Amino acid sequence: MQTIAILALFIWAGLLFSPTPVPALAPEDLIIVYNRNLPESKAVASYYADKRRVPAENLLAVDVPPGENFIRDDYERQLAEPVRRKVQQFQTGGRHPAILLVYGIPLRVDDLLFSHWFNLDQEFLTLAQTKAQELVNLCWRLTNQLDVLLGEAKLPAGETPPPSEVVRHTRETVERAGQFLQKKPARRGFDLKRTNIAAQMIKLTGSEPEFEAFRQKALRQGRGAHVSLPPQFHHYVLLKTGQEEAGFRGVLPETALELAPSIRHTNGLLGELQFWEQVIHIYQNPQTKAAVDSELALVLAGPYQIAQWLPNPLQARYDRLPFIRGIRDATLMVGRLDGPTPEIAKRLVDDALAVEQTGLSGTFYIDARGLPDKPDSGGYGRFDGHLRNLYDILKEQTSLPVVLDNKPTLFPQGSCPQAALYCGWYSLREYVDAFTWKQGAVAFHVASSECTTLRRHGSNVWCKRLLEKGVAATLGPVAEPYLNSFPLPDEFFPLLLTGKLPLLEVYFRTIPYLSWRQVLIGDPLYNPFQEKPVLQTGISLQ
C-alpha cells in the first residue's frame, strides 16, 4: 500500500515516471471492418489488405446500414459487439489490435433520445440535482459558522443563494480562515477557536490545501531530493489516484455514489458539490452524438460515460501515470480508409505507399487568423498561438518550406502551389480551393462541421473536398466538436515530421478526447517521413 501511495505522490507532486513503451503498429495488428451489404466496401477492404499485406483472417464483415448515421442501439448490436468479439480473439493470442473502418461503415452515432439509455441518464440527473442542493445548503450553513468564528458578521438568514454564489463565498471565507491561522500563532495547550476553525476548513475543503502545501515544498526541494510522504497523506493520495483513474471512464450512475465520498475526503464538501454540479452540467445537456470511430476506441472499456467526451488515455501527456497501462490495454486505436467514392478510398493507400518510397516533399501552409495569444484572449487566441508556434518550430528546426498567413482572411484561390502539409482555420463548411496538392499530402482544417458527410452530393465540407482534391490524409468532426477537441497543430505535425510513428499513432498520441466527434481518414500505416525525417523530436512530455 505504501508503494502505491508514494507513486501517487509523484503524480500529484509533478515528479513523474518514464513513459510506458508502446509497440509499433504493424499490418498484422489491423482488423479491417467492412459493410457486408455493400460490395464496394468489401472491395476497399480487400484492396487495402492486399496492398499492405494484412492477413485475410483480419477482415471482419458487419451487417450495418449503408448510410452515414447509426442509432445507438444499432451501433452497439451491429458494429460494437462483432468488433469486440474479434478484438478479444486477437487478445487471446497475446495481440493488441487496431481497427480500420473502410468505405461503407457509418460515420456517426446519433444522439440518445427516448431510449433505455436516455431514461437512465434522466434518473441520474434527478439524483445529481438532489445531491447538489443538499450540499449547497450544507456548505452555506458551515460557511456562515466559519464567518462567525472569524469574528465577521453573520450573513442574514433567508434562502440559500445559487450554487455559484455559495462556492464563491465559501472559497473567500476559507481563504480568510487560512490567513487567520497563519497569522495567529498556535498557543500552548488546547486552542478551541483555532481547532474549530481548522475543523470547519477541513469539512469544507478536505485535505487538499494541506497536501498542496506539502507538494509545493517537495517541488522546491528539487527532483533529486528524497521526499518522504507523511503518514497523514497516505490515504489522501490513494483516493486521488483512484479519482484520476476513474476519470478516464467518466461519471456513471453506478459509480457516482462510490466516487462522491472519496471526493469529499480529499476536497471536502465544496469539492463534492462541484462534482455533482459537473454531473448536472454533463447530463442536463448530454450531447451523446459521436463519431463511430471515436466510440469504437472504447469498445473494450466496459461501462463508460456516453454523454459528452472522455480523456484519451493514449495521449502522450498521460505516459507517465503509473496506472495508465491497464487503461490503455482496454483502449483501441481506430482509423478510417474512406472517401466520397470507393476509388478515392483506395487511392489513399496507393498514395501512401508511393510517397513512403521517396518521402513527402513540398510546402507547409499554415493559416492562422492573427488573434492575440494572451491570458484573457480565450481559447481562440491560444489555438491561433499554437499555429504560429508550429511555424516557429518549422522555421527554426527544419529546412521545410513553410508559409504562414497570419491575417483574418484565408489563403486566396490558387495561391498555394506544391502543398504537402496544411493546417488552418476558419471557413465553416466551405472549402477554399487555394491549393495544388502534392501526392501524399496531409492536411486538416479547423472548423465545426468538416466531416459531417463524406458522400453528400454538392457538400463543400473540408474533409470531403480535401479528399476529392487529392489529399492522402485528413481529420475532422462529424458534429460540433468544440475547439479543444482538435489535436494541437504544434503537437500533431512535429510528431508526424519525425517519421517515428505512422499516421494512426500520431493521431492517437495527440487527439485529446475519445467517445467524441473527431475522425482520422487515411492509411493508418502511412509514414511519409520514415525514410527522410525533417524533425528530430516531436512533442515534449514534460
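Not measured: the values here are computed from a predicted model. (Residues numbered from 1 in each chain as written. Predicted model: local features only at pLDDT ≥ 70, side-chain atom pairs only at ≥ 80, totals over all residues. Heavy atoms only, no water.)

For the rest of this paragraph, the subject is the packing of helix α6 (residues 192-205) against helix α9 (residues 253-284). Two elements in contact, α6 and α9, have axes whose closest approach is 4 Å; the angle formed by their N-to-C orientations is 80°. The angle between the axes of α6 and α9 places the two elements in the roughly perpendicular class. Of the residues in α9, those touching α6 at I202, K203, L204 and T205 are T266, N267, G268, L269, L270 and G271. A breakdown of the residues in the contact of α6 with α9 according to their chemical character gives four nonpolar, five polar and one charged. (Axes fitted to C-alpha atoms, helices over the stretch in contact; angles between N-to-C directions. Helix = DSSP H or I, 4+ residues; strand = E, 2+ residues; numbered from the N terminus. Parallel < 35°, antiparallel > 145°, perpendicular 65-115°, else oblique. Contact = heavy atoms within 4.5 Å. Nonpolar A, V, L, I, M, F, W, Y, C, P; charged D, E, K, R; others polar.)

For the rest of this paragraph, the subject is the sheet that holds strand β6 (residues 290-291). Strands pair in a sheet through their backbones, by hydrogen bonds, and they do so in one of two ways: parallel or antiparallel. Read from one edge of the open sheet, three strands run β3-β5-β6, paired in mixed fashion. Taken across any chain shown, the strands that pair with only one partner, and hence form the sheet edges, are β3 (69-70) and β6. (Pairing = 2+ DSSP bridges.)

Among the nonpolar cores identified, the biggest contains 103 residues, and V33, L79, I99, L296, L421 and F493 are the most heavily contacted of them. Setting aside residues no more than four positions away along its own chain, L79 makes contact with V33, V62, V64, F70, D74, I105, V292 and L296. (Core = buried A, V, L, I, M, F, W, Y, C linked by side-chain atoms within 4.5 Å. Buried < 20%, exposed > 50% of the residue type's maximum accessible area, 1.4 Å probe, protein only.)

Here α6 is 14 residues long and its end C-alpha atoms lie 20 Å apart, about the 20 Å a rise of 1.5 Å per residue gives. Those residues of α6 that fall on the buried side of the exposure criterion are I197, Q200, M201, L204 and T205. Relative to the axis of α6, the buried residues are bounded by an arc of 105° and lie together on one face. Of the residues flanking the end of α6, it is G206, one or two places downstream, whose phi is positive at about 70°. (Expected span 1.5 Å × (residues − 1). Arc of directions from axis to C-beta.)

Judged by pairing direction, the sheet is parallel, and its four strands sit side by side in the order β10-β9-β11-β12 without closing on themselves. Strands at the two margins of the open sheet, each flanked by one partner only, are β10 (402-405) and β12 (435-445). Between one strand axis and the next, the sheet turns by 25° as a mean value, whatever way the strands run. Sheet topology note: the strand β9 (residues 363-367)/strand β11 (residues 416-424) ladder contains five bridges and is parallel. Directly across from Y365, in β11, lies its bridge partner Y422.

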